[in-house]
Amino acid sequence: MTMKIFYIGAVAASLANSAIAFTPSADGIKKAGAGVSIQSPGDLQLFDPNESGKLQGTNELQQRIANGPAYTIAPPRTIVDTPPAGVQIKDAQHFLEHLDANGELPLNFAKPQSPATATVLGRAKLIADDAPGDIEHILMKLPDGFHYVEGQSLSVIPPGTDPKNGRKHKPRLYSIASTRYGDLLDGNTISLCVRRAEYYDPVTGLVDPAKKGVCSNFLCDVGPGDEVTVAGPVGKTMLLPEDPTKDVIMIATGTGIAPFRGFMHRLFMENTLARHMFGGNAWLVLGVPVSGGLLYKEEFDCMMKNASPGQLKIDYAISREMTNSIDGGKLYVQHVIAQNGKELFDRLDAGAHVYFCGLKGMMPPILETLEGVAQSQGVVWSEKLSELKKNNQWHVEVY
């Protein structure tokens, strides 16, 4: 009895000289005696047992073929059997590291048409009484399965209806101020940094309650146990670089600090692989009106101690208390950029990612400043900006 065996993929290379012609046509398949389409020898297009099978890229299939009867099964291996001498072994929280693996992201666990319910665990005022306005940090518990990654945003749907049309309020988008593990590190919480939107009557100087921000005032007044209707997460723009060796430059005004708090907790506070592997440098520029309005300063001070020497740089632009060295006027974030223009461009040329977050009014003076810095270095800003966007080094989220 003559037995014919037909191999698929790399093994088929050994049968390239077979008397039976392998053709992709129906007749060719019938002549070959097989019921599946035959691929060209050695291309592994149909099925690669090394990658797609249980061998998981170990190359053991090739080793078995090459060694024949002499092949022996290797003993089970772990990631680290015996660490080299002098290597420090660290534990790392990792149960949510899969969320953005292989380019995938958690998106729209809940949509505005079918929202979810979060429960408030706590709320705290972030700024001093002498700072203008009111900014609150809100910590909420999410429903099971609702996950996000750093740099994404959450939609909040305030209760009640819009008096203008009698319909439910539209969702408001807020940058997430925590890492995927949350402030409690349990993977089930989320934090927001919210400024209470108020309108002051120019005549009386008093707050006009009829023109207050519906959602921001709701969030700034919630208490433990209150329920908040949410949707999301959404967002692909403000994500940390995939390459952990790249520098991260963060420029924020006010509550625009939210996503950068998440970034910095991940890079300098949490005991995760992302923190251990981060080999770049981080630079934060935060603009606020007065010292009492500096958001999360105590946390950032701690991060400065945790970071390796020179790995974290923080510049504050306190407009009502500091002056810039350019014209002697108030110091804003664009002046910090101008005063450190060469360093900024050197970092960008080396592959740094730059992020901007805050009120949309921050961008025109920043772009004007960057154009001036570019000209001083003989760089055409429009071309440089196009290059940064093409390389995914330019990230903007303003509101």
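All values reported here derive from a predicted model rather than from experimental measurement.

Asker: How do you make sense of the packing of helix α5 (residues 258-268) against helix α7 (residues 297-306) when you look at a structure like this?
Answerer: Axis angle and axis distance: for two packed helices, these are the angle between their axes and the distance between the axes, and together they describe the pair. It is the contact of α5 with α7, at a shortest axis distance of 10 Å, that shows an interaxial angle of 30 degrees. Accordingly, the angle class assigned to the pair α5 and α7 is roughly parallel. The crossing of α5 and α7 is left-handed. Residues R261, M264, H265 and F268 of α5 pack against E299, F300, M303 and N306 of α7. Within the contact of α5 with α7, the residues separate by chemical class into four nonpolar, two polar and two charged.

Asker: What is the right way to look at the sheet that holds strand β7 (residues 248-253) in this model?
Answerer: Strand pairs in the sheet, formed through backbone hydrogen bonds, run parallel or antiparallel to each other. Overall, parallel pairing links the five strands, which are arranged β9-β8-β7-β10-β11 in an open sheet. A single partner strand is all that each edge strand has here, and the edge strands are β9 (312-318) and β11 (394-398). Direction aside, neighbouring strands of the sheet carry axes that sit 10 degrees apart on average. Relative to strand β10 (residues 353-358), β7 runs parallel, the two being bridged by five bridges. Looking across to β10, one finds that I249 is bridged to V354. Together, β7, β10 and β11 form the strand contacts of helix α10 (residues 363-376), whose direction differs from that of β11 by roughly 155 degrees.

Asker: Is there a simple way to explain unusual backbone geometry in this structure?
Answerer: Negative phi is the rule for most residues except glycine; trans is the rule for most peptide bonds. A cis amide bond links G232 to the next residue, P233, at an omega of 0 degrees. Tracing the chain through its elements places P233 in strand β6 (residues 227-234). The phi dihedral of N108 falls on the positive side, at around 50 degrees, and the residue is not glycine. Turning to its location among the elements, N108 is positioned in the loop between α3 (60-67) and β1 (116-125). Overall, N108 belongs to the partly exposed group, its relative accessible area being 36%. Even without being glycine, N392 reaches a positive phi, approximately 60 degrees. Residue placement: N392 occurs in the loop between α11 (381-390) and β11. Residue classification places N392 among the partly exposed residues on the basis of a relative accessible area of 46%.

Asker: Sorry, what's going on with the environment of S325 here?
Answerer: Among the structural elements, S325 can be located in the loop between β9 and α8 (333-339). Under the relative-accessibility criterion, S325 is labelled exposed at 62%. With 13 residues separating them in the primary sequence, S325 and A338 have C-alpha atoms 9.5 Å apart.

Asker: Mind showing me how you'd approach the pairing of strand β5 (residues 189-195) here?
Answerer: Every regular strand shows the same layout, with side chains that alternate between the two sheet faces. Counting buried positions along β5 yields six of seven residues, so the element is predominantly enclosed. Both strand β2 (residues 135-141) and β5 contribute to a ladder of seven bridges, which runs antiparallel. For M140, the partnering residue across the bridge sits in β5 and is I190.

Asker: Where do I start with the side chain of T369 in this structure?
Answerer: Among the secondary structure elements, T369 is positioned in helix α10. Once residues lying within four places of it in the same chain are set aside, the contact partners of T369 are Q334, I337 and A338.

Asker: Teacher, can you tell me more about the packing of aromatic side chains here?
Answerer: Within this structure, the stated rule accounts for ten aromatic pairs. Measuring from centroid to centroid gives 5.1 Å for F109 and F146, while their planes differ by 50 degrees, and the two rings are tilted. Here the residue F109 occupies a position in the loop between α3 and β1, and F146 occupies one in the loop between β2 and β3 (153-157), the gap between them amounting to 37 residues. On the numbers, 6.4 Å between centres and 70 degrees between planes, the contact of F260 with Y355 is edge-to-face. Of this pair, F260 sits in helix α5 while Y355 is found in strand β10, placing the two residues 95 residues apart along the sequence. The pair F260 / Y355 is uniform in exposure class, with both members buried. Feature note: the residues F345, F356, W381 and W394 constitute an aromatic cluster, connected by ring pairs. The side chain of K313 reaches across the aromatic face of W283, ending 4.2 Å from its centre.

Thresholds applied
- Residues numbered from 1 in each chain as written.
- Predicted model: local features only at pLDDT ≥ 70, side-chain atom pairs only at ≥ 80, totals over all residues.
- Heavy atoms only, no water.
- Axes fitted to C-alpha atoms, helices over the stretch in contact; angles between N-to-C directions.
- Helix = DSSP H or I, 4+ residues; strand = E, 2+ residues; numbered from the N terminus.
- Parallel < 35°, antiparallel > 145°, perpendicular 65-115°, else oblique.
- Left-handed = near helix turned anticlockwise from the far one by under 90°.
- Contact = heavy atoms within 4.5 Å.
- Nonpolar A, V, L, I, M, F, W, Y, C, P; charged D, E, K, R; others polar.
- Pairing = 2+ DSSP bridges.
- Buried < 20%, exposed > 50% of the residue type's maximum accessible area, 1.4 Å probe, protein only.
- Phe/Tyr/Trp six-rings, centres within 6.5 Å; stacked < 30°, edge-to-face > 60°.
- Lys NZ or Arg CZ within 6 Å of the ring centre and 35° of its normal.

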